[in-house]
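# Residue-level structure breakdown
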Amino acid sequence: AQSVAQPEDQVNVAEGNPLTVKCTYSVSGNPYLFWYVQYPNRGLQFLLKYITGDNLVKGSYGFEAEFNKSQTSFHLKKPSALVSDSALYFCAVRDTGNQFYFGTGTSLTVIP
Amino acid sequence: KAGVTQTPRYLIKTRGQQVTLSCSPISGHRSVSWYQQTPGQGLQFLFEYFSETQRNKGNFPGRFSGRQFSNSRSEMNVSTLELGDSALYLCASSSGWLRDSSYEQYFGPGTRLTVT
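Cut-offs applied
Residues numbered from 1 in each chain as written. Chains lettered and ligands numbered in written order. Predicted model: local features only at pLDDT ≥ 70, side-chain atom pairs only at ≥ 80, totals over all residues. Heavy atoms only, no water. Helix = DSSP H or I, 4+ residues; strand = E, 2+ residues; numbered from the N terminus. Rg over C-alpha atoms; globule rule 2.2 N^0.38 Å. Buried < 20%, exposed > 50% of the residue type's maximum accessible area, 1.4 Å probe, protein only. Contact = heavy atoms within 4.5 Å. Areas by Shrake-Rupley, 256 points an atom, 1.4 Å probe, with all protein chains shown as cover. Buried area = accessible area lost by both parts, 1.4 Å probe. Salt bridge = Lys/Arg side-chain N within 4 Å of Asp/Glu carboxyl O. Polar contact = N/O pair within 3.5 Å; in protein donor to acceptor, adjacent residues only side chain to side chain. Nonpolar A, V, L, I, M, F, W, Y, C, P; charged D, E, K, R; others polar. Pairing = 2+ DSSP bridges. Axes fitted to C-alpha atoms, helices over the stretch in contact; angles between N-to-C directions. Core = buried A, V, L, I, M, F, W, Y, C linked by side-chain atoms within 4.5 Å.

## Things to note about the overall build of chain A
- Counting its regular elements, chain A contains 0 helices and 12 strands.
- Overall, chain A shows an N-to-C arrangement of helices and strands of β-β-β-β-β-β-β-β-β-β-β-β.
- Relative to a compact globule of 112 residues, whose C-alpha radius of gyration would be 13 Å, chain A shows 13 Å and is just as compact.
- With respect to the three principal axes, the spread of C-alpha positions in chain A is 40 × 30 × 20 Å.
- Across the 112 residues in chain A, those meeting the buried criterion constitute 50%.
- The long-range share in chain A, meaning contacts at least 24 apart out of those at least 6 apart in sequence, stands at 54%.
- Working note: accessible area of chain A is about 5200 Å², and carbon and sulfur atoms make up 49% of it.

## Some remarks on the interface of chain A and chain B
- Between chain A and chain B, the residue contacts involve 16 residues of the former and 18 residues of the latter.
- For the pair chain A and chain B, the summed buried area comes to about 1600 Å², and 54% of that belongs to carbon and sulfur atoms.
- Interface area lost by chain A to chain B is led by Leu44, Asn98 and Phe100 of chain A, which between them contribute 33%.
- Applying the counting rule to chain A against chain B returns 0 salt bridges.
- Joining chain A to chain B, the criterion identifies 3 residue pairs in polar contact (both at pLDDT 80 or more).
- Listed by contribution, the elements that provide at least two residues to the side of chain A that touches chain B are strand S5 (32–38), strand S6 (44–50), strand S10 (87–94) and strand S11 (100–102) of chain A.
- No other element matches the 4 residues that S5 of chain A contributes to the side of chain A that touches chain B.
- Of the residues assigned to the side of chain A that touches chain B, the class counts are 9 nonpolar, 5 polar and 2 charged.

## Concerning the environment of Phe63 of chain A
Residue and element names in this part refer to chain A.
- Tracing the sequence through the fold places Phe63 in the loop between strand S7 (56–58) and strand S8 (64–68).
- Between the C-alpha atom of Phe63 and that of Ser80, which follows or precedes it by 17 residues, the distance is 9.5 Å.
- If sequence neighbours within four positions are ignored, Phe63 has contacts with Leu19, Leu47, Leu48, Val57, Lys58, Leu76, Lys77, Lys78, Asp85 and Tyr89.

## Re the sheet that holds strand S8 (residues 74–78) of chain B
Residues and elements named next belong to chain B.
- Taken in spatial order, the 4 strands line up as S1-S3-S8-S7 in an open sheet, and their pairing is antiparallel. Each of the sheet's edge strands pairs with one partner strand only, and the pair in question is strand S1 (5–7) and strand S7 (64–68). The sheet shows a mean angle of 20° between the axes of neighbouring strands, taken without regard to direction.

## With respect to unusual backbone geometry
All names here are of chain B.
- At the junction of Thr7 and Pro8, the peptide bond is cis and its omega measures out at -10° in the coordinates.
- Looking at the element boundaries, Pro8 is found in the loop between S1 and strand S2 (10–13).
- Its identity is not glycine, yet Glu52 carries a phi of approximately 70°, on the positive side.

## Here we look at the pattern of salt bridges
Residue and element names in this part refer to chain B.
- Using the criterion set out here, one finds 7 salt bridges over all chains in the structure.
- Glu82 serves as the salt-bridge partner of Arg63, at 3.6 Å between the closest nitrogen and oxygen. Placement of the pair is Arg63 in the loop between strand S6 (53–57) and S7 and Glu82 in the loop between S8 and strand S9 (87–94), with a sequence separation of 19 residues.
- Glu82 sits in the partly exposed class, given a relative accessible area of 41%.
- Ionic contacts of the salt-bridge type, sharing partners, join the residues Arg63, Glu82 and Asp85 into one network.

## Let's talk about the side chain of Gln6 of chain A
All names here are of chain A.
- Along the polypeptide, Gln6 turns up in the loop between strand S1 (4–5) and strand S2 (10–14).
- You can call Gln6 buried: its relative accessible area is 5%.
- A distance of 3.1 Å separates the side chain of Gln6 from the backbone nitrogen of Gly105, its partner in a polar contact.
- Within the structure, Gln6 has its side chain in polar contact with the side chain of Thr106 (distance 3.1 Å).
- Setting aside chain neighbours within four positions, we find Gln6 in contact with Val21, Lys22, Trp35, Tyr89, Phe90, Cys91, Gly103, Thr104, Gly105 and Thr106.

## What about the nonpolar core?
All names here are of chain A.
- One finds Trp35, Leu47, Leu48, Phe74, Leu76 and Tyr89 to be the most contacted residues of the largest nonpolar core, which totals 28 residues.
- Secondary structure elements with two or more residues in this core: S2, strand S3 (19–21), S5, S6, S8, strand S9 (73–78), S10 and strand S12 (106–111).
- Top contributing element to this core by residue count: S10, with 4 residues.

What follows is the structure in structure tokens.
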């Protein structure tokens, strides 16, 4: 069973517009949720995580994510997209068995 | 502070051979995790080591093994290589381990393994 799903392989957004990259999970218990970004020819970088507490998590580079337990979602958002945000974004979840699962990734293109 | 380093960066092997990849974590980090990244399967968790002990293991065959040394450096070994083992192998380090709420991973650039 897939533990993390990123339903969109590709997201295009105009520069200055808000962006959303979707992620849903299907693990039981209280998962830890993460977002990572992979820029071209660069390594994977941590953006933010949700462990517990406030459902809105703020991370690096102006990104934030909202944890929604009823919808089992953890969508990544940014109020105003930059061309430099163009990259591959991965959602990840750690389940109660301490297994780590990554989504298939969403390629974000910000159009000038 | 130096980042996570992985050696070698590129490797070409033939089927049936074995390979050892190395990962040096950020100074002070005691947790090292390994991942396989392929176009078809995406990013998959291999295993995690903390203080020289394997703490978690993903769903990979026994041909994939690893170890961690007292200085937290880690090696991953793949025996009897198959064509499907061609991938980017990523290593990540953390000051804590997966169970810690402060857990945050820093990734290395990866080792690109090609099996012919």
